[in-house]
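# Structural overview for review
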Amino acid sequence: MARTAVVSGGGTGIGLAVAERLAAQGDDVILVGRRESVLAEAAAKIGERATFAAADLETVEGAVQVLQHASERAGRIDVIAAAAGGNAAGKVPEDLPKGFERASWAWTANLRLNVMTAVHLVEGLKPILNDDGRIVLFSSIAAFRGSGSGSYGGSKAALHPYAIDLSAELGARGITANVIAPGYIEDTEFFGTSMTEERRTMLIGQTHNGRPGTPADTAALTAWLASPEAGHVTAQIVQTNGGALAGR
Ligand SMILES: NC(=O)c1ccc[n+]([C@@H]2O[C@H](COP(=O)([O-])OP(=O)(O)OC[C@H]3O[C@@H](n4cnc5c(N)ncnc54)[C@H](OP(=O)(O)O)[C@@H]3O)[C@@H](O)[C@H]2O)c1
């Protein structure tokens with residue numbers, strides 16, 4: 001019988017690659033994001049295994065909408081991949097005075113965008129997660145080395161103990177909970193228009209294999225962590241960054 005995977009951020013970038021990969025191997029996938037048109041396009045690309053629920057996971061109401069869709073569509077689910085997120089630090093309103101007000105805005109926004117979207121999705125779906133289920137959260141290399149403002153890396157780092165506690169809570173049922181922490185991944189909406197050629201060259205230069213990561217790299221790792229054979233790998237933070245964090 002096909003498994004059902006709920007993938008937040010499933011309309012673009014890493015989440016879309018995860019959904020494509022899981023659907024290609026026979027799973028039904030439910031894509032979650034805020035933009036209905038983006039989700040509809042992604043679901044059409046994936047084909048009949050995909051449905052979508054447009055919802056803002058920063059809110060409890062959004063998580064309830066996802067739970068309703070998943071319950072109606074599948075009854076119970078097997079995989080939660082919480083890829084929704086991003087770096088809100090670059091979106092601080094121009095009219096905020098510099099200093100602590102800007103820092104407060106960035107921290108609050110990043111905690112909502114990266115922590116609460118994952119918490120709402122997982123806690124909302126927990127009641128319908130099957131035994132031997134799989135939970136994959138998405139952190140970042142920034143959780144280990146910072147990213148300029150503190151708030152993005154700090155919000156991602158908060159997911160690490162959350163996964164460990166989920167693993168301890170649900171492990172007796174055969175459910176695993178892990179975190180993937182990617183380095184620089186191209187072909188996503190993550191950087192918007194902010195990436196410069198100079199910064200791209202610098203980020204690729206930090207890797208040992210001399211290339212950027214791709215959404216497919218992260219999707220392959222996610223698919224393995226979500227597979228039945230990965231049942232003894234849990235409470236782990238797994239990095240995929242071409243060696244960038246280790247340095248030369
Ligand atoms: N790209 C990288 O280099 C990189 C590196 C390390 C970690 N990551 C992490 O990888 C994950 C995937 O990012 P990506 O690189 O694939 O970037 P992306 O293309 O911008 O994907 C982020 C997704 O999250 C969704 N999303 C954002 N806020 C949401 C909300 N409140 N409710 C529901 N969905 C929401 C977005 O869709 P809507 O806008 O339609 O809601 C979008 O599909 C993120 O957690 C990111 O922090 C990325």
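Scroll up for the structure.
An account of the accompanying structure is given in this report. Here the structure is a predicted model, which is why all the values come from computation and not from measurement.

Calculation rules
- Residues numbered from 1 in each chain as written.
- Predicted model: local features only at pLDDT ≥ 70, side-chain atom pairs only at ≥ 80, totals over all residues.
- Heavy atoms only, no water.
- Helix = DSSP H or I, 4+ residues; strand = E, 2+ residues; numbered from the N terminus.
- Rg over C-alpha atoms; globule rule 2.2 N^0.38 Å.
- Buried < 20%, exposed > 50% of the residue type's maximum accessible area, 1.4 Å probe, protein only.
- Contact = heavy atoms within 4.5 Å.
- Areas by Shrake-Rupley, 256 points an atom, 1.4 Å probe, with all protein chains shown as cover.
- Lys, Arg positive; Asp, Glu negative; His and termini not counted.
- Charge placed at Lys NZ, Arg CZ, Asp CG, Glu CD.
- Pairing = 2+ DSSP bridges.
- Right-handed = clockwise from strand over helix to strand, strands pointing away.
- Near = heavy atom within 4 Å.
- Polar contact = N/O pair within 3.5 Å; in protein donor to acceptor, adjacent residues only side chain to side chain.
- Nonpolar A, V, L, I, M, F, W, Y, C, P; charged D, E, K, R; others polar.
- Axes fitted to C-alpha atoms, helices over the stretch in contact; angles between N-to-C directions.
- Parallel < 35°, antiparallel > 145°, perpendicular 65-115°, else oblique.
- Left-handed = near helix turned anticlockwise from the far one by under 90°.
- Salt bridge = Lys/Arg side-chain N within 4 Å of Asp/Glu carboxyl O.

### Re the overall build of the chain
Counting secondary structure elements, the chain contains 9 helices and 7 strands. For the chain, the C-alpha radius of gyration of 17 Å lies close to 18 Å, the compact-globule estimate for 248 residues. Across its three principal axes, the chain shows a C-alpha extent of roughly 50 × 40 × 35 Å. Counting every position in the chain, which comprises 248 residues, the buried fraction comes to 48%. Summarising the internal contacts of the chain: among those between residues at least 6 apart in sequence, 69% fall at separations of at least 24. In the structure as shown, the chain presents an accessible area of about 11500 Å², 54% of it carried by carbon and sulfur atoms. Computed over 21 positive and 26 negative side-chain charges, the inter-centroid distance for the chain is 4 Å.

### Some points on the pairing of strand E4 (residues 77-82)
Extensive coverage of E4 is indicated by the burial of 6 of its 6 residues. Relative to E4, strand E1 (residues 4-8) is paired through 4 bridges, and the arrangement is parallel. Across the sheet, residue Ser 8 finds its bridge partner in E4, namely Ala 82. Two strands pair when backbone bridges link them, and E4 and strand E5 (residues 129-138) are joined in this way by 5 bridges, in the parallel orientation. Bridge pairing links Ile 77 to Leu 129 in E5. The β-α-β motif built from E4, the intervening helix H4 (residues 100-125) and the parallel element E5 has right-handed crossover chirality.

### Looking at the site of the ligand
The full set close to the ligand counts 29 residues, and Thr 12, Arg 34, Arg 35, Tyr 152 and Lys 156 are the nearest of them. The backbone of Ile 185 places a nitrogen or oxygen atom 2.9 Å from an oxygen atom of the ligand. Considering the ligand on its own, with 880 Å² of exposed area, one finds that the protein chains cover 95% of that surface. Mapped onto the shell around the ligand, the elements with two or more residues apiece are helix H1 (13-24), H4 and helix H6 (151-157). Of the residues in the shell around the ligand, the class split is 12 nonpolar, 11 polar and 6 charged.

### Things to note about the environment of Arg 112
Its location among the elements puts Arg 112 in helix H4. Residues Arg 112 and Leu 57, spaced 55 residues apart in sequence, show a C-alpha to C-alpha distance of 8.9 Å. Residues in contact with Arg 112, not counting those within four places in the same chain, are Glu 58 and Thr 117.

### Brief notes about the sheet that holds E1
Spatially, the 7 strands line up as an open sheet ordered E3-E2-E1-E4-E5-E6-E7, and their pairing is parallel. The sheet is open, and its two borders are formed by strand E3 (50-54) and strand E7 (237-240), each paired with just one other strand. Going across the sheet, the axis of each strand differs from the next one's by a mean of 20 degrees, ignoring polarity. Sitting on the sheet, H1 is in contact with E1, strand E2 (28-33), E4, E5 and strand E6 (176-182), with an inclination near 170 degrees to E1.

### Overview of the packing of H1 against helix H9 (residues 215-225)
With their axes 8 Å apart at the nearest point, H1 and H9 run at an angle of 50 degrees to one another. One finds that H1 runs oblique with respect to H9. Of the two possible hands of crossing, H1 and H9 adopt the one that is right-handed. Together, Gly 13, Ile 14, Ala 17, Val 18, Arg 21 and Leu 22 of H1 and Pro 215, Ala 216, Thr 218, Ala 219, Ala 220, Thr 222 and Ala 223 of H9 make up the contact between the two elements.

### Things to note about the pattern of salt bridges
Enumeration according to the criterion identifies 11 salt bridges in this entry. With a shortest N-O distance of 3.0 Å, Lys 45 and Glu 20 are connected by a salt bridge. On the criterion of sequence distance, the pair formed by Lys 45 in helix H2 (residues 36-46) and Glu 20 in helix H1 is long-range, its members being 25 residues apart. Accessibility expressed as a relative area gives 58% for Lys 45, which makes it exposed. Among the ionic pairs, Glu 123 bridges to Lys 126, the shortest N-O distance being 2.9 Å. A relative accessible area of 35% places Glu 123 in the partly exposed class. Judged by relative accessible area, which is 17%, Lys 126 ranks as buried. Each of Glu 123, Lys 126 and Glu 169 takes part in one network of salt bridges that share partners.

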